[in-house]
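Each chain, letter by letter, is given below.
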Amino acid sequence: QVQLVESGGGLVQAGGSLRLSCAASGRTGSRYVMGWFRQALGKEREFVAAISWSGGSTYVADSVKGRFTISRDNAKITMYLQMNSLKPEDTAVYYCAADKFWSGSWPPEKVGEYDYWGQGTQVTVSS
């Protein structure tokens, strides 16, 4: 079992920055991966970024590349998403996701590739 808790969301003006955190509890697996998704009002859940715990591989979706950075704290089993140069179109609920024994093609960008989800944190970017 893995429990995920997101934090760090809020209201920010366009061009501003936020840092999201996702703290995990429970046992991790040998192919543990974590990712960020977001879901805007009336839209499907969208992949944002992912990180591999064992190899340290990272991937950021083209839609946020150059503005968002994913990182981890291995000791805390915590994942971060640093969001800079925020735009109104970044407004969404951001979800943390994890899988203990991920397998497949990198990056894990499909919702179905993750077994655990947090409750989400709202990010609102004003224009």
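It should be noted that the structure appears before, not after, this text.
Residues numbered from 1 in each chain as written. Predicted model: local features only at pLDDT ≥ 70, side-chain atom pairs only at ≥ 80, totals over all residues. Heavy atoms only, no water.

Undergrad: Can you lay out the pattern of salt bridges for me, pointing to particular residues and giving the numbers?
TA: Where charged atoms of side chains with opposite charge meet at close range, the side chains can pair. This model, assessed by the stated rule, comprises four salt bridges. A salt bridge links arginine 38 to aspartate 90; the shortest N-O distance between them is 2.9 Å. Taken as a pair, arginine 38 in strand S4 (residues 33-39) and aspartate 90 in the loop between strand S8 (78-83) and strand S9 (92-99) lie far apart in primary sequence, 52 residues in all. An identical accessibility class is assigned to arginine 38 and aspartate 90; each is buried. (Salt bridge = Lys/Arg side-chain N within 4 Å of Asp/Glu carboxyl O. Helix = DSSP H or I, 4+ residues; strand = E, 2+ residues; numbered from the N terminus. Buried < 20%, exposed > 50% of the residue type's maximum accessible area, 1.4 Å probe, protein only.)

Undergrad: Can you break down the pairing of strand S3 (residues 18-26) residue by residue, with the values?
TA: Note that strand S1 (residues 2-7) and S3 share six bridges and pair antiparallel. Residue glutamine 3 lies in a different strand from S3, and its bridge partner there is serine 25. Both S3 and S8 contribute to a ladder of six bridges, which runs antiparallel. Residue pairing across strands places arginine 19 opposite glutamine 82, the latter belonging to S8. (Pairing = 2+ DSSP bridges.)

Undergrad: Can you break down the state of the cysteines residue by residue, with the values?
TA: This model, assessed by the stated rule, comprises one disulfide. Put simply, cysteine 22 and cysteine 96 are joined by a disulfide, and their sulfur atoms are 1.8 Å apart. Linking cysteine 22 and cysteine 96, the disulfide has an S-S dihedral of approximately -75 degrees and is accordingly described as left-handed. Taken together, the residues span a long stretch of sequence, with cysteine 22 in strand S3 and cysteine 96 in strand S9 at a distance of 74 residues. Overall, cysteine 22 belongs to the buried group, its relative accessible area being 0%. Looking at cysteine 96, the relative accessible area reads 0%, which means it is buried. (Disulfide = S-S within 2.5 Å.)

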